[in-house]
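Here is what each chain is made of, one letter per residue.
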Amino acid sequence: MNSKKKEQLEDDYTQEELFYKEAERVYVPMSDGAELLTYFTKKGNHPKGYEILFIPGYSSVPMSWNDLWDCLNEHFNLYVFETREKITSKVKWKHKGDMNRSGLDVKEVFEGLKLDPKKTIIYCACSSALYVARALAEEWIKPLAVIMVGAVRTPKLPTKLVFLTHFTPSFVINGLLRVIGKIWISTVIKEGVQRERYKQYIGTASAMRWKKTSSITWWDGTEDFKKIDTPTLIVGAVEEDLHEDNESQICVDLVSTSEYLQVPSFLYMHHLPGAVEFTKQMIEYIDKL
């Protein structure tokens, strides 16, 4: 099947969004006064009662994950935690958004939801892997295991866009942020479904929230990864433009308790039919624990 036909199938495909539509929603209070959205279902049928705390990447949108969530939801109690740069967060200018605060958010949502560390696997992607690594390095959390997709030591964000976001008033740049961000995505991601998904991320961006969290752009998580002693599966994709596979492999070398899984592409993990096979791979890893 050539790439044009694959993309046409993706364009025509309608997601069922079963998990997203039926999930309960709750705002979890953070210690600094912010409130962050979590949505969840408790219908998993895994024989050991395992649960997944799913933390999507920076500014990602549900459309990117719906198929995988539906697959995971058949097997696990599933919680999706939306981090503070997302439009759903109840944050004010006084609230911080640095890497330490982001790591504390993971700790506090874990505690706020009363998750059992012995039965909880954290699934995180891209920059959220850094938040989890920060929490693990400080021993704020101790889950059963962690699955990191597209792990990076430093988030790959456009430096000029971050600079503009940081120093320009929010009300001025909300429109500019979306225009410039989409142009940047078009220059670094080849044409296709993945590019359109990232443009959707930019389209839902909030300048104020991005300003508050822009300092994570300069964070280096190398030392945090070295301190992780929790069983960790790091997933890299060969056909990936934004989260380079060689960077994921470097993270594997840093985490002494890690295993590495290489998959074909963004589409394989996120969308049907690949999401079904990817879920089976996740279950195999979890069952080994």
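Because the structure is predicted, anything quoted here is derived from the model rather than measured. (Residues numbered from 1 in each chain as written. Predicted model: local features only at pLDDT ≥ 70, side-chain atom pairs only at ≥ 80, totals over all residues. Heavy atoms only, no water.)

Colleague: Looking at this structure, how should I read the overall build of the protein chain?
Modeller: Each helix and strand counted, the protein chain has 13 helices and 8 strands in total. The buried share of the protein chain, reckoned over its 289 residues, is 57%. Long-range contacts, defined here as pairs at least 24 residues apart, represent 78% of the contacts in the protein chain between residues at least 6 apart. Carbon and sulfur atoms make up 54% of the accessible area of the protein chain, which totals about 13,000 Å². (Helix = DSSP H or I, 4+ residues; strand = E, 2+ residues; numbered from the N terminus. Buried < 20%, exposed > 50% of the residue type's maximum accessible area, 1.4 Å probe, protein only. Contact = heavy atoms within 4.5 Å. Areas by Shrake-Rupley, 256 points an atom, 1.4 Å probe, with all protein chains shown as cover.)

Colleague: Honestly, the pattern of salt bridges in this entry has me stumped. Any pointers?
Modeller: Side-chain pairs of opposite charge can arise where the charged atoms are in close proximity. Under the defined criterion, the tally for this structure stands at 14 salt bridges. Asp105 is the partner of Arg84 in a salt bridge, and the nearest nitrogen-oxygen pair spans 2.7 Å. Within this pair, whereas Arg84 is found in the loop between strand E4 (77-81) and helix H4 (99-112), its partner Asp105 is found in helix H4, the two being separated by 21 residues in sequence. You can call Arg84 buried: its relative accessible area is 4%. (Salt bridge = Lys/Arg side-chain N within 4 Å of Asp/Glu carboxyl O.)

Colleague: Honestly, unusual backbone geometry in this entry has me stumped. Any pointers?
Modeller: Keep in mind that most residues, glycine aside, have a negative phi and that most peptide bonds are trans. Following Leu272, the chain continues into Pro273 via a peptide bond in cis, with omega recorded as 5 degrees. Position of Pro273 among the secondary structure elements: in the loop between helix H12 (266-270) and helix H13 (274-288). For Cys126, which is not a glycine, the phi torsion comes out positive at approximately 55 degrees. Here Cys126 lies in the loop between strand E5 (120-125) and helix H5 (127-137). For Cys126, a relative accessible area of 14% gives the class buried.

Colleague: Please explain the sheet that holds strand E1 (residues 24-29) as it appears in this structure.
Modeller: To summarise the sheet geometry, strands pair through backbone hydrogen bonds and adopt either a parallel or an antiparallel arrangement. In spatial order, the strands read E1-E2-E4-E3-E5-E6-E7-E8; together these 8 strands make up an open sheet with mixed pairing. On the outer flanks of this sheet lie E1 and strand E8 (258-265), each paired with one strand and no other. Adjacent strand axes in the sheet meet at a mean angle of 20 degrees, parallel and antiparallel pairs treated alike. For strand E3 (residues 51-55) and E4, the ladder comprises 4 bridges, and the chain directions are parallel. Note that in E4 the partner of Ile52 across the bridge is Leu78. Packing of H5 onto the sheet brings it into contact with E3, E5 and strand E6 (145-149), and relative to E5 it is tilted by some 135 degrees. Contacts from H13 reach E5, E6, strand E7 (232-239) and E8, with the element oriented near 170 degrees to E8. (Pairing = 2+ DSSP bridges. Axes fitted to C-alpha atoms, helices over the stretch in contact; angles between N-to-C directions.)

Colleague: I would appreciate a short explanation of the confidence of the model for the protein chain in the present structure.
Modeller: The predicted structure's coordinates, where accompanied by low pLDDT, should not be read in detail. Taken residue by residue, the protein chain gives an average pLDDT of 84. The fraction at 70 or more is 76%. Taken as a whole, residues 1-9 scores under 50 in pLDDT and shows 4 contacts with residues more than four places along the chain or in a different chain. (pLDDT = per-residue confidence, 0-100.)

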